[in-house]
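# Remarks on the overall topology
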Amino acid sequence: MSKKRILFFIQNAVGGAERMTINIAKLLPASDWDITVCKVSMPFIIQNGRIDDFIPKEFKLTNIYWSGQISFIRQLYRVISKFRPDVVFSSVMPYNQRILLLQPFFKRIKFIVRNDNYLYTINNLKRFFLKYTYKNANTIIAQTDEMKDEFIRLGLSDNKIKVLHNFIDEELIINKANELSPFPKDSAVRFVSVGRIAHQKGFDILIKAFKKVVNEIQDSKLYIIGSFEGGDQSVYHELMDLIIQFNLKDKVIFTGYTENPYKYIKNASVYVLSSRYEGLPNVLIESQFLKIPSAATSCIPIISRMVKDGINGYLANNEDPDSLAKAMINASKLNHIDSIYKPSKKEDFINLFY
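Attention in this report is confined to the structure presented alongside it.

Rules used in this analysis
- Residues numbered from 1 in each chain as written.
- Predicted model: local features only at pLDDT ≥ 70, side-chain atom pairs only at ≥ 80, totals over all residues.
- Heavy atoms only, no water.
- Salt bridge = Lys/Arg side-chain N within 4 Å of Asp/Glu carboxyl O.
- Helix = DSSP H or I, 4+ residues; strand = E, 2+ residues; numbered from the N terminus.
- Buried < 20%, exposed > 50% of the residue type's maximum accessible area, 1.4 Å probe, protein only.
- Pairing = 2+ DSSP bridges.
- Axes fitted to C-alpha atoms, helices over the stretch in contact; angles between N-to-C directions.
- Contact = heavy atoms within 4.5 Å.

### Topic: the pattern of salt bridges
All chains considered together, the criterion is met by 14 salt bridges. For Lys 60, the salt bridge goes to Asp 34, with nearest N and O atoms at 3.0 Å. With Lys 60 in strand β3 (residues 60-65) and Asp 34 in strand β2 (residues 33-41), this residue pair connects regions lying 26 residues apart in the sequence. Owing to a relative accessible area of 24%, Asp 34 belongs among the partly exposed residues under this scheme. Across the pair Lys 39 and Asp 52 runs a salt bridge, and its minimum N-O distance is 2.8 Å. With a gap of 13 residues between them, Lys 39 in strand β2 and Asp 52 in the loop between β2 and β3 connect regions that are remote in the sequence.

Set out below in structure tokens:
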């Protein structure tokens, strides 16, 4: 019996959507599936990390480039025609919509899209376009019940929307977390936050909160782990200005991109999520798996179901440095915790593709 062919589209970056796409691809049995990963790159822009570090060597790779709308759609058409997949999968809203525009030309192919963010984060015109294109999907994966509700209010069919919470690649995380600690052996209280340098991630809020934390816990340090070379330079400069203004130069450490954030998280006192909005934050899930207390902004409803005050961390109000500082200080007093997050079963993802 011949293998089925599947084509995964990913952004050439290391974010939650890209990591989850690779994790899902790794679930599919090699005996049943011929897997190709198509990386989408932005010419002349330094990419956010190396997604290649996470792609299994046995997967086939191909590349296309975003160089204008018409050219991009033509490239999508050509790569789908070339690999003749049985299933196409994408997990980033702007790519999902353009790929689904092509569904009428490939009627025999199953199109599965996973939504990486909430619809309230995009404008009315983009929501209209999303409604028009998402109707072409065979299956739409929503990360939370609230995300599914947004789709239904938009007019999409309930029976094609599947709510699947992110699962955890436990073996990968444990192996990487057990590598040598990057921290010196001392008594410092260490706060760690992971994400690309972007306005969405709220690192400005975090630095303002950390200034207040230092007043309470003098022997503390903040590690921000993520790429800024290809990100918004104005955001990075704003953060550096805050660090200088608050005299935190020796307290806040930007590590840049690393393919192993888990050794930082495992040896941290607290993991901090300071985001203004998220889809479903993988790193918060993974930090809880590593039993590290969380201080997290209530930026989306599911966060309040993942973090319980005094049990596995503390919640903070969105856009509120004072509230986040209080959550960080309180979380630093907790010992290792147990996660209360319930991931979807891996079989729930696998079954979508058959």
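### Description of the sheet that holds strand β9 (residues 220-225)
The six strands are arranged β10-β9-β8-β11-β12-β13 in an open sheet whose pairing can be described as parallel. Each having just a single partner strand, β10 (252-256) and β13 (313-316) make up the two edges of the open sheet. Here the strands of the sheet are splayed against their neighbours by 20° on average, with no regard to which way each runs. In this sheet, β10 lies alongside β9 in parallel orientation, the contact comprising four bridges. By the bridge assignment, Leu 222 is partnered in β10 with Val 252. Its contacts with the sheet put helix α12 (residues 321-331) on β8 (189-194), β11 (270-273), β12 (294-297) and β13, and the angle it makes with β13 is roughly 175°.

### Observations regarding the side chain of Ser 294
Inspection of the secondary structure puts Ser 294 in strand β12. Here Ser 294 falls in the buried class, since its relative accessible area comes to 0%. With sequence-adjacent residues up to four places away left out, Ser 294 is seen in contact with Val 270, Tyr 271, Leu 284, Ser 287, Gln 288, Val 307, Asn 312, Gly 313, Tyr 314 and Ala 331.

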